[in-house]
Amino acid sequence: MRIALLGAGHIGQTIAQLLGDSGDYQVTVVDKNAQTLSRIQGRGITTKAVDTEDKAALAAVLRGQDAVVNALPYHLAITAAHLALEAGCHYFDLTEDVAATKEIMRIAEGAKTAFMPQCGLAPGFIGIVAHHLAKSFDTLHDVKMRVGALPAFPTNALKYNLTWSVDGLINEYCHPCEVIKDGGNIAALPMEGLEHFSLDGTEYEAFNTSGGLGTLCETLAGRVRNLDYKTVRYPGHRDLMCMLLEDLQLKHDQETLKNIMRRSMPATMQDVVLVFVTVSGMRRGSLVQEVFARKIFADRSETSPLSAIQITTAAGICAAVDLFREGKLPASGFIRQEQVELPAFLANRFGKAYQQSRQVESIG
């Protein structure tokens, strides 16, 4: 299968390596940064230096490809999806942006090729887990989805290091959040809904952020009483971010905030990804709760170290592409994350990255 992989950042490099090394994909990695492309090597992988914001140049690269895997910043998702449609390619991406997903859904109407956005961790794997748990209930009450990509050793006041896209981070902190409350769809404010919990002996906080639910609000509409998604951080992070976004009004000057964070907040490969889903409701006349909780840690190997967010995000989209290639997903139109069966995902050669993580046994 011929893949045009757009974006050669940390996640893009990991995707290229996984797909290329599998032997089942011919991967062409496309990025405007030739120096970044030079770091990508492996069998089944070629690179092309192309301005990814130049529609004509990008369209030329997509011709003759079977699928587009988009690992570019969220604001380029709609353009990439349109070009994939024109080129007759299947389309997969990692976007958490709600508006982009709705437009891609529209693009996919009547398409002969498949369009599957939101294939990462959250949205992505978290929705697959939540839907899998929800299916076992006769009546759904509450579905709570919590995900955090956190530094293993926080040292600054924000208790945070850059583990993934700054663009995506600020985007999810600034846009309204889709939730279902008392059976009705509402738009909740980002950074609100603060809660605290402990997991495996560590204290965390969680609060509303945009995009993590994917399309679950539509899928579970009329079936669930309460459904929400919150981002997990160490205690104190949310208050400081609110000061920056609200008190200093940097939500209206996001580029300044992004530049400050890139300049002053170091990236880290020593991180941990936390996945925590609880579903409660009625089953055979009894009120019960099901919980899925895992921590996925960075791969510290000397030859090819990978951060936990690289592992989980790349595994998510590679598993989606792989399941599609194997005929386990619809061949055309819009594909929701919750159409992926959790057992099939975890059994997949790429999805097994989540199986190899340490499962948390106690939650308090």
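Structure shown above.
Keep in mind that what you see is a predicted model, and the values were worked out from it rather than measured.

K.L.:
Which residues make up the side chain of Gln-337, and what values do they have?
P.N.:
Position of Gln-337 among the secondary structure elements: in the loop between strand 15 (333-334) and helix 12 (342-347). Engagement of the side chain of Gln-337 in a polar contact is seen with the backbone oxygen of Pro-117, the distance being 3.0 Å.

K.L.:
Outline the packing of helix 3 (residues 55-62) against helix 4 (residues 77-87), supporting the account with residue identities and numerical values.
P.N.:
Where helix 3 contacts helix 4, the two axes come as close as 10 Å, and the packing angle between them is 45 degrees. Looking at the two axes, helix 3 sits oblique to helix 4. Helix 3 and helix 4 meet at a crossing whose hand is right-handed. Taking contact as the criterion, the partners of Lys-55, Leu-58, Ala-59 and Leu-62 in helix 3 are, on helix 4, Thr-79, Leu-83, Ala-84 and Ala-87. Grouping the constituent residues of the contact of helix 3 with helix 4 by class yields 6 nonpolar, 1 polar and 1 charged.

K.L.:
Which residues make up the nonpolar core, and what values go with them?
P.N.:
In this structure, Ile-15, Val-29, Phe-92, Phe-125, Met-145, Leu-227 and Val-277 are the most contacted members of the largest nonpolar core, which totals 71 residues. At 12 residues, helix 11 (residues 308-325) tops the list of elements feeding residues into this core. Of all hydrophobic cores here, the second largest spans 25 residues; its members include Val-50, Val-61, Leu-83 and Ala-84.

K.L.:
Give me the packing of aromatic side chains: which residues, what numbers.
P.N.:
Within the structure shown, the criterion is met by 10 aromatic pairs. Here Phe-125 and Tyr-354 contribute two aromatic rings whose centre-to-centre distance is 3.8 Å and whose plane-to-plane angle is 20 degrees, an arrangement assigned as stacked. Remark: Tyr-354 occurs in helix 13 (residues 352-355) and Phe-125 occurs in helix 6 (residues 125-134); sequence separation between them is 229 residues. Classification of Phe-125 as buried rests on a relative accessible area of 1%. Residue classification places Tyr-354 among the buried positions, given a relative accessible area of 1%. An angle of 40 degrees between the planes, with centres 5.3 Å apart, marks the rings of Phe-197 and Phe-276 as tilted. Taken together, the residues Phe-197 in strand 10 (residues 195-199) and Phe-276 in strand 13 (residues 271-283) connect sequence positions 79 residues apart. What makes Phe-197 buried here is its relative accessible area of 10%. What links up through ring pairs into an aromatic cluster is the set Phe-125, Phe-292, Phe-345 and Tyr-354.

K.L.:
Got a sec to walk through empty space enclosed by the protein? Specific residues and values, please.
P.N.:
Counting across every chain of the model gives 2 cavities of 30 Å³ or more. Of the voids in this model, the largest cavity is the one considered here, and its volume is about 60 Å³. In this structure, the largest cavity is lined by Val-98, Cys-177, Glu-178, Thr-209, Ser-210, Gly-211, Gly-212, Leu-213, Gly-214 and Tyr-229. Residues of the lining of the largest cavity, tallied by class, amount to 4 nonpolar, 5 polar and 1 charged. Considered as a void within the structure, the second largest cavity measures approximately 40 Å³ in volume. Around the second largest cavity sit Gln-118, Pro-123, Gly-124, Ile-126, Gly-127, Gly-212, Leu-213, Gly-214, Thr-215, Leu-216, Gln-337 and Glu-338, which together line it. Of the residues belonging to the lining of the second largest cavity, the class tally is 4 nonpolar, 7 polar and 1 charged.

K.L.:
Any chance you could break down the environment of Glu-172 for me, citing the residues and the numbers?
P.N.:
Following the sequence through the fold, Glu-172 ends up in helix 7 (residues 166-174). For the pair Glu-172 and Ser-210, spaced 38 residues apart in the sequence, the C-alpha separation amounts to 4.5 Å. When neighbours within four sequence positions are excluded, Glu-172 is seen to be in contact with Trp-164, Pro-190, Thr-209, Ser-210, Thr-231 and Arg-233.

K.L.:
Let's hear about the pairing of strand 11 (residues 202-208): which residues, and what values?
P.N.:
Taken across its 7 residues, strand 11 has 5 buried, putting it largely inside the fold. Sheet topology places strand 10 next to strand 11; 5 bridges connect them, and they run antiparallel. For Leu-199, the partnering residue across the bridge sits in strand 11 and is Thr-202. As consecutive antiparallel partners, strand 10 and strand 11 are separated by 2 residues, and within that stretch Asp-200 has a phi angle of approximately 55 degrees, a positive value. Direction of pairing for strand 11 relative to strand 12 (residues 224-233): antiparallel, over a ladder of 4 bridges. Of the residues in strand 12, the one forming a bridge with Glu-205 is Arg-233.

Parameters and conventions
- Residues numbered from 1 in each chain as written.
- Predicted model: local features only at pLDDT ≥ 70, side-chain atom pairs only at ≥ 80, totals over all residues.
- Heavy atoms only, no water.
- Helix = DSSP H or I, 4+ residues; strand = E, 2+ residues; numbered from the N terminus.
- Polar contact = N/O pair within 3.5 Å; in protein donor to acceptor, adjacent residues only side chain to side chain.
- Axes fitted to C-alpha atoms, helices over the stretch in contact; angles between N-to-C directions.
- Parallel < 35°, antiparallel > 145°, perpendicular 65-115°, else oblique.
- Left-handed = near helix turned anticlockwise from the far one by under 90°.
- Contact = heavy atoms within 4.5 Å.
- Nonpolar A, V, L, I, M, F, W, Y, C, P; charged D, E, K, R; others polar.
- Core = buried A, V, L, I, M, F, W, Y, C linked by side-chain atoms within 4.5 Å.
- Buried < 20%, exposed > 50% of the residue type's maximum accessible area, 1.4 Å probe, protein only.
- Phe/Tyr/Trp six-rings, centres within 6.5 Å; stacked < 30°, edge-to-face > 60°.
- 1 Å grid on protein atoms, 1.4 Å probe; cavity = no way out; pocket = protein on both sides within 12 Å on 5 of 7 lines; lining within 4 Å.
- Points joined across faces, edges and corners; volume = space filled by probe spheres on them.
- Pairing = 2+ DSSP bridges.

Coordinates in, geometry out; function isn't part of it.
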